[in-house]
Amino acid sequence: VLRGDRKGKHRYFTALKKANKGDIKPYATLIAMRIAESYQEIDENLRKAGLKTEVVKDYRSAVWAKLIFSAVMNPLPILSGCDYGIISKDRGVDSLVMEGIAEGKKVAERENIRLAFDPGRLVRKLRAGAFGDFSYRGSLYPDFINSRPLELDFITGVLIRRARRLGLDTRA
């Protein structure tokens, strides 16, 4: 990410290791956002890595929208033994997913974060088949079936801890 900047690379990887207890996980982008000095630097670094980017005024709006979606959807295949398609087949699971999304949106609202997109709308599009036969099982599933540590605490745990700190209920 920070090509040619050895001090920057060292700070970046040190932060990753601390945040992930020595195991570098896919949330590097979130940590890089904290370390980078400007939105333009983030944009430039991600483009150098070959990723398409869009600089937004408040990155938290996009990160939180994705966080809410992932916090609710990623554990689903582990808990149900099914892929994401279960939300279109089981109304109870679908209802629980939408309740979890609503809880996450309440947390974001209380944190004064305006979401870049509605995670509930993304779930509704998924349920309606907008993405075709969606047999994806989320990013946690490969770690789960291979008995590797899960990043569940870094995703779903963030929302639960924030909700508790704010006095919000997180039954879903």
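Reading the values: rules and limits
Within every chain, residues take consecutive numbers counted from 1 along the sequence as written. Reporting of local features is limited, given that this is a predicted model, to residues whose pLDDT is at least 70; pairs of side-chain atoms are given and counted only at 80 or more, and all residues count toward the totals for whole chains, interfaces and linings. The side-chain figures draw on all heavy atoms in the structure; neither hydrogens nor water molecules are used. For helices, the fitted axis covers only the stretch in contact; all axes are lines through C-alpha atoms, and the angles between them, taken along N-to-C directions, range from 0 to 180 degrees. Strands here mean DSSP runs of E at least two residues long; helices mean DSSP runs of H or I at least four residues long; both are numbered from the N terminus. Handedness of a crossing is defined here by the sense of rotation of the near helix relative to the far one, left-handed for an anticlockwise turn of less than a right angle and right-handed for a clockwise turn. Working rule for contacts: check all heavy atoms of both residues, and any pair within 4.5 Å makes them a contact. Gly is put with the polar residues, along with every residue not named as nonpolar or charged; the nonpolar set is Ala, Val, Leu, Ile, Met, Phe, Trp, Tyr, Cys and Pro, and the charged set is Asp, Glu, Lys and Arg. Among buried residues, those of type Ala, Val, Leu, Ile, Met, Phe, Trp, Tyr and Cys that are joined through side-chain atoms within 4.5 Å constitute a nonpolar core. A simple rule labels every residue: compare its accessible area, found with a 1.4 Å probe on the protein chains alone, to the largest value its type can have, and call it buried under 20%, exposed over 50%, or partly exposed in between.

Caption draft 1: Examining the packing of helix α4 (residues 59–73) against helix α7 (residues 91–110) more closely. Between α4 and α7, the least distance of the axes is 9 Å, while the angle of their chain directions is 145°. Judged by the sense of rotation from one axis to the other, the crossing of α4 with α7 is right-handed. Side by side, α4 and α7 meet where Trp-64, Ile-68, Phe-69, Val-72 and Met-73 of the first sit next to Val-97, Gly-100, Ile-101, Gly-104, Lys-105, Val-107 and Ala-108 of the second. Broken down by class, the residue content of the contact of α4 with α7 amounts to nine nonpolar, two polar and one charged.

Caption draft 2: Local environment of the side chain of Glu-111. Among the secondary structure elements, Glu-111 is positioned in the loop between α7 and α8 (119–127). Leaving out residues up to four positions away in the same chain, Glu-111 has contacts with Trp-64, Arg-162, Arg-165 and Leu-166.

Caption draft 3: Just the nonpolar core, in detail. If you look at the biggest cluster of nonpolar residues, it comprises 25 residues, and the most contacted ones within it are Trp-64, Met-73, Ile-87 and Val-97. Counting residues per element, the ones that place at least two in this core are α4, α6 (86–89), α7, α8 and α10 (152–166). If one sorts the elements of this core by residue count, α4 sits on top with seven residues. Ignoring anything within four residues of it in the chain, the contact list for Trp-64 reads Val-107, Ala-108, Glu-111, Ile-113, Leu-115, Leu-159 and Arg-162.

Caption draft 4: Broad picture of the environment of Val-97. Relative to the helices and strands, Val-97 is located in helix α7. Along the primary structure Val-97 and Met-73 are separated by 24 residues, whereas in three dimensions their C-alpha atoms are 7.2 Å apart. Once residues within four sequence positions are removed from consideration, Val-97 is found in contact with Val-72, Met-73, Leu-76, Ile-87 and Val-123.

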